[in-house]
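For reference, the chains in residue letters:
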Amino acid sequence: MYIQREIEQSLEALLAQFKCVLVTGARQTGKTTMLRHMLGDSYEYVTLDDMNELSNALESPGTFLNASVTPVIIDEVQLAPSLFRQTKLVVDETDSCGTVVLTGSQTYNLMQVVSESLAGRIGILELAPLSLRELAGSLGRGPYVPEMVERGNAVRAPEGFDLWRHIQRGSMPRLQDEGVDWYAFYSAYVRTYLERDVRQLINLKDQRKFYNFMVAAAARTGQLLNASDLASDADVDVKTIQGWLSVLEASGVIRILHPFWANTSKRLAKTPKLYFMDTGLACYLTGWNTAEQLRRGAVAGHMFETFVVSEVLKSYMNAGRDPRDVYFYRDSQKREIDLVIQDGRTLHPVEIKTSANVRADAVKNFEALRSFGDYEMGFGSVVCQTEKPCMIADGVQAIPVWEI
């Protein structure tokens, strides 16, 4: 059964504004399924995974794509970068918007080609794995910004939903089918990612070392990023690790979160945190094979935090907003805040706790944000396993994950 995606509204807006739209995102997030569901009746569909189509696109892009075949969806366009110049020629021949829709599963080299060939003509969206909003059918709420939640308006979990099972199993659309074997899915996913995407992006001489690097990165999800430690685990140098992190980020596998500082250059200089966008993949790589193992295990806190952060980031991506408005906070006095969400000149603090009961001292570090005189401190929240929203301090509310 098709699950409606929250990003659909953003896609419709871009189709009405731009001549060309590019939908990126990690493999298996549902890009093709969504586009064919939304546009299949009125758009031609071509995938460059088909070797005949790919050969035609590479050898004769002008014949492959011309005004007579639009509107068209071209899947896995990163396989034929030469098509972007032809796309420019085609869309320039018409005043109509939304004539060409492209998809790509990695952006490492894709964005440079897009900026060179289609600047001003293309709208870009990134599709993440399924969100809790999409599973609950609670769409159209925009990017998450903490605000007071009335108990009567609280979003409820679907009947029988097991949150920890969902965190361990992952948010990929295919895995919502209980008949799909979890281990077999991720085993094939990692193998395909290594053999196709990674080899296209870099000259990978040792797949095993890259796999070890992915495992080491997954073991550190929700933690400060230490490239030296990753290099030691993967038996490569730090420069290689930095390049490999860029590959994971460009492929939509991870997100790098920067600390909030009023001085922008300080944000980039300080140590960031690493988060996997799909906790199922992180669990597979690190060997947490059941929900019960994960719930009781040593990484439960980091994995729960990773899940919550990914849900917040999905809300921004699905709204077509920049997720770089989401930060964390850590200062020299070791005061930490899991998330700081910037909304204009207002900073909203968010703490993440695995427990259901949260005390007021859990938010004592929120006051650190008042030191940024050019900003106001807004309403805050503690995302936890409480069943219902409840106030825990002045201007701070504990909320279940469904309210993100």
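Anything mentioned here points back to the structure above.
Remember, predicted model here, so these are calculated numbers, not experimental data.

Here the focus is the pairing of strand β3 (residues 72–75). Of the two faces of β3, the one holding Val-72 and Ile-74 and the one holding Ile-73 and Asp-75 are both buried throughout. When strand β2 (residues 44–47) meets β3, the two strands line up parallel, connected through four bridges. Within β3, the residue paired with Thr-47 across the bridge is Asp-75. In this structure, β3 lies alongside strand β4 (residues 100–104), joined through three bridges in parallel fashion. Counted as the bridge partner of Val-72 is Val-100 from β4. Regarding topology, helix α5 (residues 83–92) serves as the crossover connection from β3 to the parallel β4, and that connection is right-handed.

Our focus in this paragraph is the packing of aromatic side chains. Applying the stated criterion to the full structure yields 18 aromatic pairs. The interplanar angle of 70 degrees and the centroid separation of 6.0 Å between the aromatic rings of Trp-182 and Tyr-284 together place this pair among those described as edge-to-face. With a gap of 102 residues between them, Trp-182 in helix α9 (residues 182–201) and Tyr-284 in helix α14 (residues 279–286) connect regions that are remote in the sequence. Owing to a relative accessible area of 11%, Tyr-284 belongs among the buried residues under this scheme. Ring centres of Phe-185 and Tyr-189 lie 6.1 Å apart, and the angle between their planes is 25 degrees; this geometry places the pair in the stacked category.

The subject of this paragraph is the packing of helix α1 (residues 8–15) against helix α2 (residues 31–39). For the pair α1 and α2, the least separation of the axes is 12 Å and the interaxial angle reads 60 degrees. Every pair of crossing elements has a handedness; the one defined by α1 and α2 is right-handed. Across the interface between the two elements, Glu-8, Leu-11, Glu-12 and Leu-15 from α1 touch Met-34, Leu-35, Met-38 and Leu-39 from α2. Of the residues assigned to the contact of α1 with α2, the class counts are six nonpolar, no polar and two charged.

On to helix α6 (residues 110–117), then. Listed in full, the buried residues belonging to α6 are Leu-110, Val-114 and Ser-117. For α6, the angular spread of the buried residues around the axis is 85 degrees, confining them to a single face. Relative to its buried face, α6 has exposed residues pointing more than 90 degrees away, namely Gln-112 and Glu-116. Elements in contact with the buried residues of α6: β1 (20–24), α5, β4 and β5 (122–126).

Looking now at the sheet that holds strand β7 (residues 254–257). Here we have three strands laid out as an open sheet, ordered β6-β8-β7, and antiparallel in their pairing. The sheet is open, and its two borders are formed by β6 (223–224) and β7, each paired with just one other strand. Of the strands in this sheet, β6, β7 and β8 (273–276) are in contact with helix α16 (residues 300–318), which crosses β8 at around 80 degrees.

This part is about the sheet that holds β5. Read from one edge to the other, the open sheet built from five strands follows the order β2-β3-β4-β1-β5, with strand pairing classed as parallel. The open sheet is flanked by β2 and β5, the only strands paired with a single partner. Taking each pair of neighbouring strands and ignoring which way they run, the sheet shows an average axis angle of 15 degrees. Sheet strands touched by α5: β1, β3 and β4. Its angle to β4, the strand with the most contacts, is close to 160 degrees.

Our focus in this paragraph is helix α12 (residues 238–250). Across its 13 residues, α12 extends 18 Å between first and last C-alpha, which sits within 8% of the 18 Å expected from 1.5 Å per residue. Inspection of α12 places Ile-241, Trp-244, Leu-245, Val-247, Leu-248 and Ala-250 among the buried residues, and these make up the whole buried set. Those residues of α12 that are buried lie in contact with α9, α10 (207–219), α11 (227–234), β7 and β8. Immediately downstream of α12, the backbone of Gly-252 shows phi near 80 degrees, a positive value.

Conventions used here
Starting afresh in each chain, residues are numbered from 1 along the sequence in its written order. Only residues with pLDDT of at least 70 get local features here, since the model is predicted, and only at 80 or more are side-chain atom pairs given and counted; chain-wide, interface and lining totals rely on the full set of residues. As a rule here, side-chain values cover all heavy atoms of the structure and leave hydrogens and water aside. The buried label applies to any residue whose accessible area, calculated with a 1.4 Å probe on protein chains only, is under 20% of its type's maximum; exposed applies above 50%, and partly exposed to all values in between. Helix numbers and strand numbers start at the N terminus; a helix is a DSSP run of H or I with at least 4 residues, a strand a run of E with at least 2. We treat two strands as partners when DSSP finds at least two bridges between them. Note on handedness: a clockwise path from strand one over the helix to strand two, with the strands aimed away from the viewer, defines a right-handed crossover. Paired rings are identified among Phe, Tyr and Trp, the last through its six-membered ring, by centres lying within 6.5 Å, and are further divided according to the angle between planes into stacked (under 30 degrees), edge-to-face (over 60) and tilted (the rest). A fitted line through C-alpha atoms serves as each axis, taken over the contacting stretch for helices, and the angle formed by two N-to-C directions is quoted from 0 to 180°. With the far helix as reference, a near helix turned anticlockwise by less than a right angle produces a left-handed crossing, and one turned clockwise produces a right-handed crossing. We call two residues contacting when some pair of their heavy atoms lies within 4.5 Å. Under the grouping applied here, Gly and all other residues not named as nonpolar or charged are polar, the nonpolar ones being Ala, Val, Leu, Ile, Met, Phe, Trp, Tyr, Cys and Pro and the charged ones Asp, Glu, Lys and Arg. Along the arc lie the directions from the helix axis toward the C-beta atoms. For a helix, the expected span equals 1.5 Å multiplied by the number of residues minus one.

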